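Below are the chains, spelled out letter by letter.
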Amino acid sequence: MTKEFSLKKKKKGLRGSIQSILKPSYQTIKAVKGINFQVKQGEMLGFIGPNGSGKSTTIKMLSGILTPSEGELQVLGTNPVTQRRKLTRHIGTVYGQKSQLWYHIPPIDTFYLFSKIYEIEENAFKKQLDKLVELFQLENILNVAARKLSLGQRMKCEIAASLLHQPKLVFLDEPTIGLDIIAKQQIREALLEMNRSEGTTVMLTSHDVGDIESLCDRVIVINQGEMVFDDHIDQLKRRFIHHKVVEIGFTKPTVVNSLPPDVDIIYADQMNLKLKVKHGISQLMEHLMVQYSVADLNINEPSMEEVIRSIYQESSQEEVKNA
Amino acid sequence: MPNVWKKIDKYLAVTRVSIKNVFAYVREMAYRSTFMIVILFVFIKLWGVAFADHQSIAGITYEQTLWYLVVTEAIIMSKISIGNVISREVISGSLAYTLGRPYNYLLYHFFNGFGESIIRLAINVIAGSTLVFLFVGPPAVELWVVFPVMITILFAIIIDFLITAMISFLAFFTEEVSGFFFVYQKILFILGGLLIPIDFFPEWLQEFSGLLPFQLILYAPAKLFINFSVETFNYIILQQFLWMFALGVTLGILFLLGKRRLSVNGG
């Protein structure tokens, strides 16, 4: 699946502006370049990538908002482009940066409106509403005007609103953006519960690695419009982590002068040493224990954030090489 | 049948919620109607000078002119102000988000704007009528006339909505549409007969504006109010229907063409 945008290119300065009116020149940008994947029912899929990598574009194509320039796609057995209306009844969408609640009125009124828009039966709506209210802990904020809610409270309502019609598939585009840890945690738990009890398929984009780690089994990493990773989240570390970080504390001021190959010093002072080790940890241990008097030792894996950063950098460097 | 009812219910629910939303700032809206009072007051004085030596101009009396103004001003200040919303959605691409729901985009916006429109119309009619009543007394019409006039106002609001939406959708093709809105507003002022009843115009201009839909938005309902006849009513309704049909079809085509050009970057 590929999506091209045509962007109006503008030259610098006033002269360029005038030129662009008379003779606009267009530049084609490939936002998504031939990506290909399948999602199983009930799966929670993380969809990550740096800004401008094509995540949102992909989600917009999947929800029928944008038409792909090339390729085919099928969502819940329908073609989102030709059967968008039909599809909208079975998918839910939350865009973290775009509110769907009515500003001046309480969320309950928006919920009620949604029940009409999605043509939900009164009883089914009440049941689902009760469930969501409990799940997202909305009792106290249901009747407060949306403008008076905190960001976290509002986002909970946004997500609840998108689940009212019991969608089979939910697209969450940065649902936890700007939220504090507790709000994030509540939202994650509610989503997990929703997935467990109703088998809702979730496709999530986020810049928050914590979201991905706690929610998703499978991760797709997309960069510059290309898929650079698609596998189980554990594999992400295994595949992209080629080093461990070893931290050593010495009992007395020490100067380290000889180290085995493939070991880089990240940080060193008289009492502490921080090393990046590609392989041969045991060799290194032996070396250190024999040569120096070690008081404290810590072996860490790089954090998920570091992993992802390295993926982004790696693939953008390739991009430079290819170009 | 229940299916059709569900569809209607859907859009009525939009209007209900929009009215509820409006009530949160209904007081600000009432303040805004002071503008109507000021405008009307100025014209009560101005037309007072113009009518000083005349019983009537083009068959319309001073009192009728003022009641005419109440209707045109009330409509122009209450019409659905959705143009900026739609064109901004088109330009910023956030239209894409609204499209992801099971409703008709235009119907949704109409019924959404309609809620606010009703409230504003009520406030402005009350404010304007009170003022003009104090100066020249009640209009020389029977009370039931209000109902057919209301129907023409409803259609007037629809026609204006269709034109406004069309201008908004030009944003699919040009990058900025506020210029078009400006021109449309000025056309409404003159060819729509906002401040001066079209009857006061020279013959050729009257004929010209009669060929266009703008007079159906302001002039026609206002004139019908001060000079009601069933024939005029029927004629206005017929014209309004024809224009709603023509504009509706054009708008639909424009929307289809525009949607294909929709591109939404990033997010």
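Definitions and limits used
Residues numbered from 1 in each chain as written. Chains lettered and ligands numbered in written order. Predicted model: local features only at pLDDT ≥ 70, side-chain atom pairs only at ≥ 80, totals over all residues. Heavy atoms only, no water. Core = buried A, V, L, I, M, F, W, Y, C linked by side-chain atoms within 4.5 Å. Buried < 20%, exposed > 50% of the residue type's maximum accessible area, 1.4 Å probe, protein only. Helix = DSSP H or I, 4+ residues; strand = E, 2+ residues; numbered from the N terminus. Contact = heavy atoms within 4.5 Å. UniProt positions renumbered as here; feature names shortened; annotations may be inferred. pLDDT = per-residue confidence, 0-100.

Caption draft 1: Layout of the nonpolar core. Grouped together as the largest cluster of nonpolar side chains are 76 residues, with contacts concentrated most on Trp 47, Leu 66, Tyr 105, Val 132, Ile 163, Phe 169 and Ile 217 of chain B. When residues in this core are grouped by element, the largest group, 13 residues, is from helix α7 (residues 146-169) of chain B. Beyond its immediate chain neighbours, meaning those up to four positions away, Ile 163 of chain B contacts Tyr 184, Pro 213, Phe 214, Ile 217 and Leu 247 of chain B. In terms of nonpolar packing, the next biggest core, distinct from the first, is built from 61 residues, Trp 102, Ile 105, Phe 114 and Ile 308 of chain A among them.

Caption draft 2: Structural detail: the UniProt feature "transmembrane region" (unreviewed entry) in chain B. Residues and elements named next belong to chain B. Residues given the UniProt feature "transmembrane region" (unreviewed entry) here are residues 35-53, 65-86, 106-136, 143-173, 179-198 and 236-257. Between the end C-alpha atoms of residues 35-53 the distance is 29 Å, and the span holds 84% helix and 0% strand. For residues 236-257, helix accounts for 100% and strand for 0%, while the C-alpha atoms at its two ends are 31 Å apart.

Caption draft 3: The arrangement of the side chain of Thr 110 of chain A in detail. Residues and elements named next belong to chain A. On the secondary structure map, Thr 110 appears in helix α4 (residues 107-117). Here Thr 110 falls in the buried class, since its relative accessible area comes to 0%. Excluding residues that lie within four positions of it along the chain, Thr 110 makes contacts with Gln 100, Leu 101, Trp 102 and Ile 105.

Caption draft 4: Broad picture of the confidence of the model for chain A. Scored by pLDDT, chain A comes out at a mean of 81, with 88% of its residues at no less than 70. Counting interchain partners and residues more than four positions distant, the pLDDT-below-50 stretch residues 6-10 of chain A has 18 contacts.

Caption draft 5: Representation of unusual backbone geometry within the structure. All names here are of chain A. In this model, Leu 76 sits at a positive phi of 50°, which is unusual for a non-glycine residue. With a relative accessible area of 41%, Leu 76 lands in the partly exposed category. Even without a glycine there, the phi angle at Glu 119 is positive, about 50°. For Glu 119, the position within the fold is in the loop between α4 and α5 (122-136).

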